[in-house]
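# Commentary on secondary and tertiary structure
Residue strings, one per chain:
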Amino acid sequence: MALEESHVRRAAHLARLAVSDDQANGFVDDLSRILDMVDQLQSLDTEGVAPLAHPLDATQRLRADEVTETNQRDAFQRCAPAVENGLYLVPRVVE
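Let me sum up the structure you'll find in this document.

Quick notes on the rules
- Counting restarts for each chain, with residues numbered from 1 along the sequence as it is written.
- Whole-chain, interface and lining totals are the exception, using all residues; otherwise, since this is a predicted model, local features are given only for residues with pLDDT of at least 70 and side-chain atom pairs are given and counted only at 80 or more.
- The side-chain figures draw on all heavy atoms in the structure; neither hydrogens nor water molecules are used.
- We define a salt bridge as a side-chain nitrogen of Lys or Arg found within 4 Å of a carboxyl oxygen belonging to Asp or Glu.
- Only DSSP runs of H or I reaching four residues or more are called helices, and only runs of E reaching two or more are called strands; each is numbered from the N terminus.
- As used here, the term nonpolar core means buried Ala, Val, Leu, Ile, Met, Phe, Trp, Tyr and Cys residues forming a set that is joined through side-chain atoms within 4.5 Å.
- Relative accessibility under 20% of the residue-type maximum defines a buried residue, over 50% an exposed one, and the middle range a partly exposed one, all with a 1.4 Å probe and only protein chains included.
- Should any heavy atoms of two residues lie within 4.5 Å, those residues are counted as being in contact.
- Fitted lines through C-alpha atoms serve as axes, helices being fitted only where they are in contact, and the angles separating the N-to-C directions of these axes extend from 0 to 180 degrees.
- Reported orientations rely on four angle classes, namely roughly parallel under 35 degrees, roughly antiparallel over 145, roughly perpendicular from 65 to 115, and oblique for the rest.
- Here the nonpolar group is Ala, Val, Leu, Ile, Met, Phe, Trp, Tyr, Cys and Pro; Asp, Glu, Lys and Arg are the charged ones; every other residue, Gly included, is treated as polar.

Bringing the pattern of salt bridges into the picture now. Side chains that differ in charge, positive against negative, can pair when their charged atoms come close. This structure, assessed with the given rule, holds 3 salt bridges. Notably, a salt bridge pairs arginine 9 with glutamate 5, separated by 3.2 Å at the nearest N-O pair. Of this pair, arginine 9 and glutamate 5 both sit in helix H1 (residues 5–14), 4 residues apart, roughly one helical turn. Of the charged contacts in the structure, one is a salt bridge between aspartate 30 and arginine 33, with a shortest N-O distance of 2.7 Å. With aspartate 30 and arginine 33 both in helix H2 (residues 21–42) and 3 residues apart, the pair spans about one turn of that helix. Salt bridges linked by common partners bring Glu5, Arg9 and Asp21 together as one network.

Structure below.
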């Protein structure tokens, strides 16, 4: 599919972007090269290639899942405007 200036102007309109004539022509060239590269990548055989979440084989250091604070719910609910059975009561927003 050939990208035209009208496509760039339509995308700019939908994104609420002001685009000059020079910019639109430049974007046509840039986006066409990007789409050509995507077409080139789609032609590659990726059978048997595992998907990656990250290009580096790194593990994330996680802290232990331990409770580090005391339960302060009662103290917080004492200053709440409305509480019932341990739950905060809020005004209805949607009818």
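This part covers the nonpolar core. Leu3, Val8, Ala12, Val19, Ala24 and Val28 together form the largest nonpolar core, which totals 6 residues. Looking at this core, the elements with two or more residues in it are H1 and H2. Ignoring sequence-local partners within four residues, the contact set of valine 19 consists of Arg9, Ala12, Ala24 and Phe27.

When two helices pack together, their arrangement is given by the angle between the helix axes and the distance between those axes. Two elements in contact, H1 and H2, have axes whose closest approach is 9 Å; the angle formed by their N-to-C orientations is 105°. The pairing of H1 with H2 is recorded here as roughly perpendicular in orientation. Residue-level inspection shows Glu5, Val8 and Arg9 of H1 in contact with H2, the latter providing Asp21, Ala24, Asn25, Phe27, Val28 and Leu31. In terms of residue class, the contact of H1 with H2 is made up of 5 nonpolar, 1 polar and 3 charged.

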